[in-house]
2 protein chains.
Amino acid sequence: MIPNMYKIAGELTSTVFHVSARSLACQALSIFGDHSDVMATRQTGFGLLCSNSVQEAMDFALIAQAATLESRVPFVHFFDGFRTSHEIQKIEVLSVEDMKAMLPDELVFAHRRRGLTPDRPMLRGTAQNPDVYFQGRETVNTFYLQTPGIVQKVMDKFAKLVGRTYKLFDYVGHPEAERVVVMMGSGAEAMHETVAYLAGKGEKVGLVKIRLYRPFSREAFVAALPRTVTSIACLDRTKEPGAIGEPIYEDVRTAIGETMECDKTRFSRWPRVIGGRYGLGSKEFDEQMCKAVLDNLASAQPKNHFTVGINDDVTATSLTVDPSFRIDYGEAAAHCAMFYGLGSDGTVGANKNSIKIIGDLTDNYAQGYFVYDSKKAGSMTTSHLRFGPALIRSTYLIRTADFVACHNFSFLEKYDMLCHAKPGGVFLLNSLYDAFTVWDKIPAEVQQQIIAKKLKFYVINAVNIAEELGLGARINTIMQTAFFKISGVIDTAVAIDAIKQAIHKSYGSKGEKVVKMNIDAVERALEGIQEVSVPGRVTSTLHMQPPVPPHAPEFVQTVTGPMIAFKGDDLPVSAFPVDGTYPTATTQYEKRNIAVKIPIWDPEACIQCGMCSVYCPHASIRIKAYPPSHLENAPKGFKSTDAKGGGNLGGLKFTVQVAPEDCTGCGACVEMCPGKNKQEPDRKAINMEWQAPRREEEVAHYNYFLSIPDP
Amino acid sequence: MIPNMYKIAGELTSTVFHVSARSLACQALSIFGDHSDVMATRQTGFGLLCSNSVQEAMDFALIAQAATLESRVPFVHFFDGFRTSHEIQKIEVLSVEDMKAMLPDELVFAHRRRGLTPDRPMLRGTAQNPDVYFQGRETVNTFYLQTPGIVQKVMDKFAKLVGRTYKLFDYVGHPEAERVVVMMGSGAEAMHETVAYLAGKGEKVGLVKIRLYRPFSREAFVAALPRTVTSIACLDRTKEPGAIGEPIYEDVRTAIGETMECDKTRFSRWPRVIGGRYGLGSKEFDEQMCKAVLDNLASAQPKNHFTVGINDDVTATSLTVDPSFRIDYGEAAAHCAMFYGLGSDGTVGANKNSIKIIGDLTDNYAQGYFVYDSKKAGSMTTSHLRFGPALIRSTYLIRTADFVACHNFSFLEKYDMLCHAKPGGVFLLNSLYDAFTVWDKIPAEVQQQIIAKKLKFYVINAVNIAEELGLGARINTIMQTAFFKISGVIDTAVAIDAIKQAIHKSYGSKGEKVVKMNIDAVERALEGIQEVSVPGRVTSTLHMQPPVPPHAPEFVQTVTGPMIAFKGDDLPVSAFPVDGTYPTATTQYEKRNIAVKIPIWDPEACIQCGMCSVYCPHASIRIKAYPPSHLENAPKGFKSTDAKGGGNLGGLKFTVQVAPEDCTGCGACVEMCPGKNKQEPDRKAINMEWQAPRREEEVAHYNYFLSIPDP
């Protein structure tokens, strides 16, 4: 779009692009958020207006539209991809009346009159020669000079109308701050709460939030800074290799330099300016990192061109982060809940609904953020929910949760979920085992944490309930009900009512039967929750599994493995290839092991059509025909039958084998199995069975199966 | 290409893009040169290496290639579109041996080994999640930190090998300069000669030429600046509306700011930094503008964010330029020649050949630059040729020429060509009239200048000679010969020999006949040149014509008109629409009048097939059938015949009429005329005749023709 943006701006065509700012593909693609894409357009002549939160995304959408109509400068209104675009927040929704009031008809008509029409022919898209192009290019100056004033005027009108006040540059913090951070985007919310907390304790720190980044008003920027400022840290959520520094840093240096040249008395002394990068590709930016930025400013020789949020052990750009720093929210602390679900199991949808319930039924603010793996369906999703009496500015993941729910039993041995549980918190497990038998079925490491943190431990067999009710893999309503029952965030009866209303609304169009299934699920969930009586000591012989097997190559052990185990944030810069070049054929070491049920072959019912193998979307059902001699050393229970069809297959044995750790349990094989056994026409040759009790044996069978040579 | 550039750089793939930097379409498209396109890529991670001249374009192409292979950082090697890409200069060509020596085989092999191949499978193009993308992005830091050192090392190796020395930032000027300009591109050559001239006269001025703009080495930049500098002007050949300033300006501010923070004693005081724009869309940047930039730096309150080269009467950004400033080159002054030709008449090609002849046969440097109208064929081309004993750094058009040639007689009444003639210079006119009759055929304004400037005035009837020899409109060889004969830049006999050799080389493959025609053209030209004995006073009753008629609308009078008359550079910013919106239907006011011959209709031979009108590419032959009553008031000589075909046409009259001032004289109508008159099968109904004697009458006929209503 960049070439078009020059043209749109050059022709002063009012427009707003609403952009969920995302990263760019460099050493690797990233679908996640930072300002790299927006910064690639900063020279086009578009205005750039940044909103930092979900509420601001709505407010600034309207402000940008009003400003572009009056100024004729086109705008990119942007906000952080994922962190803001995918965050659920309780906001005040602007009404159509607000919008009408902000967008005067005469400006709309004037815009329309500038449209090309044969009724009033005019010419655009000319070519200009060296004699006049430069003059033509300078005609827009007046418009750019006026735009900051217009945006502020529009913001003031908005404030009068709606009550929320914005400035081109908003200052937060100590009125006599010496250390000031300048930034924009969702990270400014985290910085806001950190600065407010520290300034409240008397520290002379402050924050300038850039709202209007282009046209950049030097005057408004300098006016936002306290006169007492002595050092400024500019935080850029982008990287421009080869530049002296990133864009905000260079702009702030320029603004300070120009100011000091024309008004030497504006500040107590020429403020030191440094710059740093954070949050690339949606890298976390939390209150500890904010604190690290402010600490760096306080040092005698602050590190310039720093990074924060990673460990750069190669060029030593990274700041040290103090993991013990916490903001004490006191009474206003939010209730934090984390949910580990499987992609497409409905967990995320249910959590969004829970936020709506709490937001609608109480005065609480509510925030939800959902971490998806880019593997999408079948991988882990983590939901981070906060509810509390104060506006929630924590634009980062929950590290310490009051409530942790594991919606998939198989996660227990792979992911350390309870490291996020607060001492005395609640742990809810979707479990095939009931409260009396579950304890010995969970890994020793999990037991250890439950005991040490004195967690309340609940189980519910949501898979069983869902299956019995005909809901298949959709365990969401059951787990949501369990959450409300045991978390105590709001009165259970009220919540259950709301869930039921939501069910009517969501499933009403699908018929009575579906509605009833879900209402039944709520009831069954309420009955099915069991508290586990936690023994005083670790008893399990099971242990958490390493993410990749010990025979995997070194790179897979040291880089891929931690990434699979969700420990990728801890990997230092030196761990990574400099040019994005990776070894191949490494997926074989990732055993995702996510199937709750796996297909088991029934040799007697099989007509050997091969449909199960052809249709398996994950290539985890395989077929072989082989000489009978290979059965001599086969493990106990390894299944086989005579190969059908004669010819080349005459005298051979035949096996259908599942790869139990690669299977996702989707059941496509069962769907496709024709099961045309004459005697029992309804009997399928492939049937789903619980994975857990079968796994060990099937893994052994699969490994033996792999060792049989292809014919 | 921008998205791909991030990826190429992120993967550290060695490559060089050689870019002729051009403007971008904003309020209007411009095919001409500035740095807007290159600046749109400065954040991608590519290295940016800028060459300022034709010689440097070759040198830096090699240096960039050597640097990318060693550093793995990809490069954009760029130079100014048109000013450098289309300039002809005498340069030292690098040999294949030089190239081999600069590109070590092992680096080439290493590059090839990084290619993707199934023989050594590796994976690129991965997707990274928030856990690791940021770390991956920072892996390239080392490479960018090393690149400036590598580029300097490569430049040093080049200097040893070839003898031309370059630095990352090259300084020119007074060793204790107080006022310093920072810039890159062809404009730096004009600034170089201005600074060198003024510093030679003791003025404390200097110039830093940026060679390696990305990665930007702050250390190397600061090292290039004299410690005595007190004020710096940064010149950007791009515009970024809404930014505080343009890229070089912000980078220099950042570099100076960082330096002053870490080493307060580097400069005698904190240098003032200002920025300005010049040369957008190939706007001229000459020694007077260079002087204006240096003068601005000397003022107590230098204008910041200025423009130079235009008159910005709206936002008052422009600097005042002193039109009396000239660089006195003394002995080293170049011979300057200007040629006004018609697009596709061969003038430009012949001039390129003349430069080659002078460059090859003498020790002189030679430079040629050619101004094309974007109308291409059929519009005016101006050739600017300089020849001299010193390296020519004048990267701007000739304003005062020793020799002016007008290759098209019709230009005389439209363009003021002699304003560029030096007093006592030479004027060569391609004329239908000989030395004895021409004087009274040229406009009074031209006579006036010839007399006032005491010009030597020569004519040659190149059109006639070309036609007689069968060369058609290709008058180039004839005019080239005339130039060498009367300009005296080199010995005529030597030049004629060289022209003849060039003819053999250029036309040899087209056969003896074509070669002979051109050789004959040389001989005929030598005979055909006539010096005009210039009378002491203005005698002509002819006058130069306004570019548009007096009844044209105001916008056409005040804006389009001066542009047509090549006075567009004088138009101020206020003359232009702010958003590139122009009135329509204005081409009717531009009577280009470029046809040397026009088609004249022969009613008796016409079969009224209409082919002439259908095929005319310029829609300048038109046909009408009308009642005989319209002939009553027709002007004398208005041609008409009975309409053929009966039916609706029965009893009507019929006319084919040329629009003599719109016709380009291409002759397509004659080509297409079937001329199937039974009695005289070779007689065409359309024939080309000299325009000049027929124009007045045909214009009257055409205007009357227009007044006849369509049936």
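This write-up is about the structure you can find in this document. Just so it is clear, the model here is predicted, and its values are computed rather than measured.

Residues and elements named next belong to chain A. Across the sheet, which stays open at both edges, the six strands sit in the order β5-β7-β6-β9-β10-β11 with mixed pairing between neighbours. With one partner strand each, in any of the chains shown, β5 (169–173) and β11 (306–308) form the two edges of the open sheet. With strand direction ignored, the average angle separating the axes of adjacent strands in the sheet is 25 degrees. Summarising the sheet, strand β9 (residues 231–236) and strand β10 (residues 272–278) pair through six bridges and their orientation is parallel. Each residue of the ladder has a partner; that of C234, found in β10, is G275. Strand contacts of helix α10 (residues 247–262): β6 (179–183), β7 (205–210), β9 and β10, with the helix running at about 150 degrees to β9, the strand carrying the most contacts. Along the sheet, helix α11 (residues 287–298) contacts β6, β7, β9, β10 and β11; its crossing angle with β6, the most-contacted strand, is approximately 130 degrees.

A few words on the relation of the copies chain B and chain A. Screw-axis analysis of chain B against chain A gives a translation of 0.1 Å along the axis, an RMSD of 0.1 Å, and a rotation angle of 180 degrees. In short, the pair behaves as if placed about a two-fold rotation axis. By C-alpha distance to the rotation axis, the residue of chain B lying nearest is B:E250, at 3.0 Å. With an isologous cut-off of 70% or more, the 100% of interface residues of chain B that recur at the interface of chain A puts this contact in the isologous class.

Turning our eyes to something else, we now look at the sheet that holds strand β8 (residues 212–214) of chain A. All names here are of chain A. Pairing is mixed in the open sheet, where four strands are placed in the order β1-β3-β2-β8. A single partner strand is all that each edge strand has here, and the edge strands are β1 (16–21) and β8. Here the average twist between neighbouring strands, direction ignored, is 25 degrees. As defined by bridge partners, strand β2 (residues 47–50) adjoins β8 across two bridges and the pair is classed as antiparallel. By the bridge assignment, L49 is partnered in β8 with L212. Against the sheet, helix α3 (residues 54–71) makes contact with β1, β2 and β3 (75–80), and its axis sits at roughly 170 degrees relative to β3, the strand it touches most.

The next thing to look at is the interface of chain B and chain A. Counting residues at the interface gives 101 residues for chain B, matched by 101 residues for chain A. Across the interface of chain B and chain A, roughly 9,100 Å² is buried in total on both sides, 57% from carbon and sulfur atoms. Linking chain B with chain A are eight salt bridges. Seen at the junction of chain B and chain A, the total is 54 residue pairs in polar contact (both at pLDDT 80 or more). Contributions of two or more residues to the side of chain B that touches chain A are made by α1 (2–10), α6 (133–138), α7 (141–162), α10 (247–262), β10 (272–278) and β11 (306–308) of chain B. At nine residues, α10(B) tops the list of elements feeding residues into the side of chain B that touches chain A.

Moving on to unusual backbone geometry. Cis peptide bonds are those with omega within 30 degrees of zero, and the linkage from A:R214 to A:P215 qualifies with -10 degrees. Along the chain, the position of A:P215 falls in the loop between β8 and α9 (218–224). Phi is positive for A:L12, close to 55 degrees, though the residue is something other than glycine. Among the secondary structure elements, A:L12 is positioned in the loop between α1 (2–10) and β1. Phi at B:F566 is positive, roughly 60 degrees, even though this residue is not glycine. Along the chain, B:F566 turns up in the loop between α18 (554–564) and β19 (597–601). A residue is classified by how much of its surface remains accessible, and B:F566, at 39% relative accessible area, is partly exposed.

Turning our attention to the nonpolar core. Among the nonpolar cores identified, the biggest contains 62 residues, and A:L49, A:I63, A:F75, A:F221, A:I248, A:V252 and A:I256 are the most heavily contacted of them. Among the elements that make up this core, the one with the highest residue count is helix α7 (residues 141–162) of chain A (eight residues). In terms of nonpolar packing, the next biggest core, distinct from the first, is built from 60 residues, B:F46, B:A64, B:L168 and B:V252 among them.

On to the pairing of β3(A), then. Residue and element names in this part refer to chain A. The buried fraction of β3 is high, at six of six residues. Looking at chain direction, β1 and β3 are connected through six bridges and run parallel. Bridge assignment links V16 to a residue of β3, and that residue is F75. As paired strands, β2 and β3 are joined by four bridges and run parallel to one another. Paired with L49 across the strands is H77, a residue of β3. Viewed along the sheet, the connection from β2 through α3 into β3 turns out right-handed.

Attention now moves to the pattern of salt bridges. Summed over the entire model, instances satisfying the criterion amount to 76 salt bridges over all chains. Linking A:E189 and A:K209 is a salt bridge whose minimum nitrogen-to-oxygen distance equals 3.6 Å. One end of the pair, A:E189, is in helix α8 (residues 187–200); the other, A:K209, is in strand β7, and 20 residues separate them in sequence. Residue A:E189 is classed as buried on the basis of its relative accessible area, which comes to 3%. Residue B:R393 is joined to B:E189 by a salt bridge in which the shortest nitrogen-to-oxygen separation is 3.0 Å. Of the two residues, B:R393 is situated in the loop between β14 (380–388) and β15 (401–406) and B:E189 in helix α8 (residues 187–200); the sequence distance between them amounts to 204 residues. Via salt bridges that share partners, A:E138, B:K239, B:E246 and B:R277 belong to a single interconnected network.

The next thing to look at is the state of the cysteines. Here the structure, examined in full by the defined rule, presents zero disulfides over all chains. Sulfur of A:C419: no disulfide; nearest cysteine sulfur belongs to A:C406 and is 13 Å away. For the unlinked cysteine B:C669, the closest cysteine sulfur is that of B:C666, found at 6.4 Å. We classify B:C669 as buried; its relative accessible area is 6%.

A few words on the side chain of B:R218. Residue and element names in this part refer to chain B. Mapping R218 onto the fold places it in helix α9 (residues 218–224). At 3.0 Å, the side chain of R218 forms a polar contact with the side chain of T259. If we skip the residues at most four places from it in the chain, R218 touches A255, E258, T259 and C262.

So, on to the packing of α8(A) against α11(A). Residues and elements named next belong to chain A. At a minimum axis distance of 9 Å, the contact between α8 and α11 shows a crossing angle of 65 degrees. Regarding α8 and α11, the two cross each other, and that crossing is right-handed. In this structure, α8 contributes A190, M191, T194, V195 and L198 to the contact, and α11 contributes E287, C290, K291, V293 and L294. In terms of residue class, the contact of α8 with α11 is made up of seven nonpolar, one polar and two charged.

This next bit is on the packing of aromatic side chains. Centre-to-centre distance and the angle between the planes together describe a pair of aromatic rings. Within this structure, the stated rule accounts for 46 aromatic pairs over all chains. Each ring, one from B:Y278 and one from B:F285, has its centre 4.5 Å from the other, and the planes form 50 degrees; the classification is tilted. Here the two residues B:Y278 and B:F285 agree in accessibility, since each one is buried. Pairwise contacts between aromatic rings join B:F339, B:F387, B:F403, B:F483 and B:F484 into one cluster. One residue, A:K352, lies across the ring of A:F370, its end atom 5.6 Å from the ring centre.

Parameters at a glance
Residues numbered from 1 in each chain as written. Chains lettered and ligands numbered in written order. Predicted model: local features only at pLDDT ≥ 70, side-chain atom pairs only at ≥ 80, totals over all residues. Heavy atoms only, no water. Pairing = 2+ DSSP bridges. Helix = DSSP H or I, 4+ residues; strand = E, 2+ residues; numbered from the N terminus. Axes fitted to C-alpha atoms, helices over the stretch in contact; angles between N-to-C directions. Contact = heavy atoms within 4.5 Å. Least-squares fit on C-alpha atoms with pLDDT ≥ 70 in both. Buried area = accessible area lost by both parts, 1.4 Å probe. Salt bridge = Lys/Arg side-chain N within 4 Å of Asp/Glu carboxyl O. Polar contact = N/O pair within 3.5 Å; in protein donor to acceptor, adjacent residues only side chain to side chain. Buried < 20%, exposed > 50% of the residue type's maximum accessible area, 1.4 Å probe, protein only. Core = buried A, V, L, I, M, F, W, Y, C linked by side-chain atoms within 4.5 Å. Right-handed = clockwise from strand over helix to strand, strands pointing away. Disulfide = S-S within 2.5 Å. Left-handed = near helix turned anticlockwise from the far one by under 90°. Nonpolar A, V, L, I, M, F, W, Y, C, P; charged D, E, K, R; others polar. Phe/Tyr/Trp six-rings, centres within 6.5 Å; stacked < 30°, edge-to-face > 60°. Lys NZ or Arg CZ within 6 Å of the ring centre and 35° of its normal.

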